[in-house]
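Each chain is listed here by its residues.
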Amino acid sequence: MEENITIRLATIEDLPALQSVGERLFDYPIKPNRTIEFLKDKRHHLVLAYHRDVVVGMASGLHYVHPDKDPELFVNEVSVLDEFQRRGIGGKLVRFLVEYGKELGCKEAWVATEKSNIAAQKAYLAAGGILEDDPFVLIEFKY
């Protein structure tokens, strides 16, 4: 990986950098109020990859509990700017997030992606993920 890449947890101070990169890295433009809400929530986590002072990658997730299970980490999204892809940044972001989940007491982490998203699968496997044999079925509820 390039020597000028730094990976760390996001804070409120990262909001201007996140707004600068906006929908180049996220699905949509950054909403400051939602970003602040996300970052203030102790169960939500955002890991950023910086190249100098520019955000070039991110991984988001949340940890949760259930009455019959130990805490788990759900990896929600991972994204790396096009010009920084294929350098191992995605895998390092996921690994950082998963290790952070372990520090928080999570006993397992999981993520889902499309069968056609080979780049994501490579990043998750490079981060130590294990491909499950059981097919995944997605059912959405649209509002």
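Each remark here, short or long, concerns the structure printed above.
Calculation rules
- Residues numbered from 1 in each chain as written.
- Predicted model: local features only at pLDDT ≥ 70, side-chain atom pairs only at ≥ 80, totals over all residues.
- Heavy atoms only, no water.
- Salt bridge = Lys/Arg side-chain N within 4 Å of Asp/Glu carboxyl O.
- Helix = DSSP H or I, 4+ residues; strand = E, 2+ residues; numbered from the N terminus.
- Buried < 20%, exposed > 50% of the residue type's maximum accessible area, 1.4 Å probe, protein only.

**Points about the pattern of salt bridges**
1) Next: Applying the stated criterion to the full structure yields five salt bridges.
2) Next: Note that Arg24 is salt-bridged to Glu83, the shortest N-O span being 2.6 Å. Placement of the pair is Arg24 in the loop between helix H1 (15-21) and helix H2 (32-40) and Glu83 in the loop between strand E4 (69-80) and helix H3 (89-103), with a sequence separation of 59 residues.
3) Next: For Glu99, the salt bridge goes to Lys102, with nearest N and O atoms at 3.5 Å. Linking Glu99 with Lys102, this pair stays in helix H3, spanning three residues, or about one helical turn.
4) Next: The partly exposed category is assigned to Glu99, whose relative accessible area is 37%.
5) Next: On the basis of relative accessibility, which here comes to 52%, the residue Lys102 falls in the exposed class.

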